[in-house]
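Structure assessment
So you can see what is in the structure, the chains are spelled out below.
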Amino acid sequence: DTAVSQTPKYLVTQMGNDKSIKCEQNLGHDTMYWYKQDSKKFLKIMFSYNNKELIINETVPNRFSPKSPDKAHLNLHINSLELGDSAVYFCASGASPPNEQFFGPGTRLTVL
Amino acid sequence: AQTVTQSQPEMSVQEAETVTLSCTYDTSESNYYLFWYKQPPSRQMILVIRQEAYKQQNATENRFSVNFQKAAKSFSLKISDSQLGDTAMYFCAFMKRLKGDDKIIFGKGTRLHILP
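Counting restarts for each chain, with residues numbered from 1 along the sequence as it is written. Chain labels run from A onward and ligand labels from 1 onward, assigned in the order the entries are written. Residues qualify for local features only when their pLDDT is at least 70, as the model is predicted, and side-chain atom pairs are given and counted only at 80 or more; totals for whole chains, interfaces and linings, by contrast, use all residues. To get the side-chain values, all heavy atoms of the structure are used, and hydrogens and water are removed first.

1. As for the overall build of chain B
Convention followed: Here a strand is any run of E in DSSP of at least two residues, a helix any run of H or I of at least four, and the numbering for each starts at the N terminus. Summary of the burial criterion: residues with accessible area below 20% of their type's maximum are buried, those above 50% are exposed, and those between are partly exposed, where the area comes from a 1.4 Å probe applied to protein chains only. Contacts: residue pairs with any heavy atoms within 4.5 Å of one another. Exposure was quantified through the Shrake-Rupley algorithm and a 1.4 Å probe, taking into account, for residues, occlusion by the shown protein chains and nothing else. In this tally Asp and Glu are treated as negative and Lys and Arg as positive; neither His nor the chain ends contributes. The atoms used to mark charge sites are NZ of Lys, CZ of Arg, CG of Asp and CD of Glu.
Along its length, chain B carries zero helices and 12 strands. Starting at the N terminus and ending at the C terminus, chain B contains elements arranged as β-β-β-β-β-β-β-β-β-β-β-β. The principal-axis extents of the C-alpha atoms in chain B amount to approximately 45 × 25 × 20 Å. Within chain B, the fraction of its 116 residues that count as buried is 50%. Across chain B, contacts joining residues at least 24 apart in sequence account for 56% of those joining residues at least 6 apart. Total accessible area computed for chain B in this model is approximately 5,600 Å², and 46% of it derives from carbon and sulfur atoms. The positive charge centre, built from 14 side chains, and the negative charge centre, built from 11, are 6 Å apart in chain B.

2. Regarding the sheet that holds strand 8 (residues 73-78) of chain A
Residues and elements named next belong to chain A. Cut-off, in case you're wondering: At least two bridges found by DSSP between two strands is the condition for calling them paired. In this description, a line fitted to the C-alpha atoms serves as the axis of each element, helices being fitted only across the stretch in contact, and the angle between N-to-C directions of two axes falls anywhere from 0 to 180 degrees.
Here we have four strands laid out as an open sheet, ordered 1-3-8-7, and antiparallel in their pairing. With one partner strand each, in any of the chains shown, strand 1 (4-7) and strand 7 (64-70) form the two edges of the open sheet. This sheet shows a mean twist of 20° between the axes of neighbouring strands, independent of strand direction. With five bridges joining them, strand 7 and strand 8 adopt antiparallel strand pairing. Looking across to strand 8, one finds that Ser65 is bridged to His77.

3. Remarks on the packing of aromatic side chains
Let me state the cut-off plainly: Only Phe, Tyr and Trp rings are paired, with Trp represented by its six-membered ring, and only when their centres lie within 6.5 Å; those with planes under 30 degrees apart are stacked, over 60 edge-to-face, the remainder tilted.
Enumeration over the complete set of coordinates arrives at 16 aromatic pairs over all chains. With a centroid separation of 6.2 Å and an interplanar angle of 35°, the aromatic rings of Tyr33(A) and Tyr35(A) are classed as tilted. In this structure Tyr33(A) comes out as buried when scored by relative accessible area, which is 0%. Aromatic pair Trp36(B) and Phe75(B): ring centres 6.3 Å apart, planes at 20°, arrangement stacked. A residue pair is termed long-range when its members are at least 10 positions apart, and Trp36(B) in strand 5 (residues 32-39) and Phe75(B) in strand 9 (residues 74-79) qualify at 39 residues. This pair shows no difference in class: Trp36(B) is buried, exactly as Phe75(B) is.

4. Observations regarding the environment of Gly16(A)
All names here are of chain A. For Gly16, the position within the fold is in the loop between strand 2 (10-13) and strand 3 (19-25). Overall, Gly16 belongs to the partly exposed group, its relative accessible area being 47%. Not counting residues within four places of it along the chain, the set of residues in contact with Gly16 comprises Ser80 and Leu81.

And the structure:
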């Protein structure tokens, strides 16, 4: 029974394309997050949403647009992909008040 | 701003030995959580252990325990009787206990190799 799921697990695409990564959680949590893990394994927050409302936006380029149709889903759309966008993207969810976060399996994005 | 520092980029120990991973952090907050996450080659982020800052007692989970020194802002992870399956990246992490500012701040990780 997957708690936080992401699709796809792997994504290979050309520079300039637009792509989306989907995330769903079945934990009933109010808050969802996107983190980026770069090639040096460094993990950093990108966004958080609470009940479909954007809460945290950590100076991410406008090409990245999260979309939350409901509190169980937080999708990440990326326009005009660049080489530097290659990374592993993790979705996570957490309860309120915050005590821990549960991570999805990650999506490895490769931009050629 | 909060920072998390892991001073050991890589470590190797023999199976069955005990190993300690170091972590220090900097914050002016009084109410927060500290975590150790494990990331094996499968890349899944697995929560190993969690410590609430207001609790003085060190958290333990089976073979995993922490040494939480709040005044020194130190949060080390001890793995006892290490097993081959413990081979992974380990991330120390900090999170404010504050709705709306509950992003996790990660250290740069320690790559741990358990040798047979």
